[in-house]
Amino acid sequence: MEESVTSIEHARASFGRHFLDMEDLNTKELMEVLALSASSSLPRVLEGRGVAVLMAKPSNRTRNSTEMAVVSLGGHPLSMSNDEVGVDTRESAEDIARTLACYHSVIAARVGNHDVLQRMAAALDRASARVSVVNLLSDHSHPCQALADVLTLRDFLGGLEGRSIAYVGDANNVCRSLTAACSMMGMRVRIASPPGYGLGSQEVAHLNGLGGSVEQFHDPQEAVEGVEAIYTDVWISMGQEAEREERLRAFTGFTVDTTLLQHAAEGALVMHCLPAHRGEEITDEVLESPNSKVWVQAANRMRAMRGLLTFLALASNSIE
Ligand code: CP
Ligand code: NVA
């Protein structure tokens, strides 16, 4: 007998929970995602299901780790660039999402404006589509990266409650998600950025309320004093290329180099989401030093994505 649309929808009923920002999880749920991420034997929650991987900006780690995570959970990833679908040019974000929901259980997307992800999720919810939207990086946040980062911090530091990390550089999408995740884990986060490139005071107050503590500095040496991990990211994010000269001037003195590293605790971890611009936000020497855990972070992207997708499948079962 031909399968009806209703029964197709039923078969997808275990998705629908979205992950656009770290705060879409509470602390208990973050712990669950980390526990799932650490497991090597996860159920094949994506068996027979599609995952749309929409990339409106370049990607190496995120696309590869997402595709391979989907395959390892029994699903089929289908990657597409924005040239193909044309978000808000060829078709609205809402119509793209509703179309992809006809074939896929998850829409994982890397976009410019964060708002595009929110509109996609809202359109799916209005249509009762039971399809999850996952943020693969927006101008606002990069929560999948932060999951891999706290997994890495836990691998090396053990318990994270009360432990310290300094983020040095642009308080951007990566910084925002990392700070939220670390605060949720009870960590002390110290952010050093030049004036005008930090987080807003209201946002810091919000991040402070997530369980840890968040402080901002303009002096990188003060921020890294005695910390157990130093994190940095590019000064010029995708889409900010026109600001290159201005940013290079503003961030002078914020390079993570051996002199700065000496102010941190002995054996402090050095972290970077990659891609790195060696010689700008971090020196070659520090990136290649024994302190550097950047390749572990990259590898952990796939573990974290497996954990997240499994969590979304299981958690979505309880959505009304
Ligand atoms: N860290 C990260 O998101 O890398 P890609 O931009 O290569 O996906
Ligand atoms: N902040 C960077 C992260 C790249 C993974 C960007 O948005 O380009």
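Since we're looking at a predicted model, the values are computed, not measured.

Asker: Looking at this structure, I do not really get the site of ligand 1. What am I missing?
Answerer: Near ligand 1 the following residues occur: Ser59, Asn60, Arg61, Thr62, Arg110, His142, Gln145, Cys273, Leu274 and Arg301. Within the contact set of ligand 1, an oxygen atom lies 2.8 Å away from a side-chain nitrogen or oxygen of histidine 142. Protein chains shield 95% of the accessible area of ligand 1, which is 250 Å² for the free molecule. Split into classes, the residues belonging to the shell around ligand 1 amount to 2 nonpolar, 5 polar and 3 charged.

Asker: Is there a simple way to explain the sheet that holds strand S1 (residues 50-55) in this structure?
Answerer: Pairing between sheet strands relies on hydrogen bonds along the backbone, with the strands arranged either parallel or antiparallel. Pairing in this open sheet of 4 strands is parallel, and the strands run S2-S1-S3-S4 from one edge to the other. Where the open sheet ends on each side, the last strands, each with one partner, are strand S2 (76-81) and strand S4 (132-135). Shown here is a sheet whose adjacent strand axes are inclined to one another by a mean of 20 degrees, direction ignored. As paired strands, S1 and strand S3 (residues 106-110) are joined by 5 bridges and run parallel to one another. Its bridge partner being in S3, valine 53 is matched across the sheet by alanine 108.

Asker: Before we go on, may I ask you to explain helix H8 (residues 173-184) in this structure?
Answerer: An ideal rise of 1.5 Å per residue puts 16 Å on 12 residues; H8 measures up with 17 Å between its terminal C-alpha atoms. The buried fraction of H8 is high, at 12 of 12 residues. Of all the positions in H8, only Asn173, Val174, Cys175, Arg176, Ser177, Leu178, Thr179, Ala180, Ala181, Cys182, Ser183 and Met184 are classed as buried. N-capping of H8 is provided by asparagine 172, with a side-chain oxygen placed 3.1 Å from the backbone N of valine 174. In the stretch just after H8, glycine 186 is the one whose phi turns positive, near 85 degrees.

Rules used throughout
Residues numbered from 1 in each chain as written. Chains lettered and ligands numbered in written order. Predicted model: local features only at pLDDT ≥ 70, side-chain atom pairs only at ≥ 80, totals over all residues. Heavy atoms only, no water. Near = heavy atom within 4 Å. Polar contact = N/O pair within 3.5 Å; in protein donor to acceptor, adjacent residues only side chain to side chain. Areas by Shrake-Rupley, 256 points an atom, 1.4 Å probe, with all protein chains shown as cover. Nonpolar A, V, L, I, M, F, W, Y, C, P; charged D, E, K, R; others polar. Pairing = 2+ DSSP bridges. Helix = DSSP H or I, 4+ residues; strand = E, 2+ residues; numbered from the N terminus. Axes fitted to C-alpha atoms, helices over the stretch in contact; angles between N-to-C directions. Expected span 1.5 Å × (residues − 1). Buried < 20%, exposed > 50% of the residue type's maximum accessible area, 1.4 Å probe, protein only.

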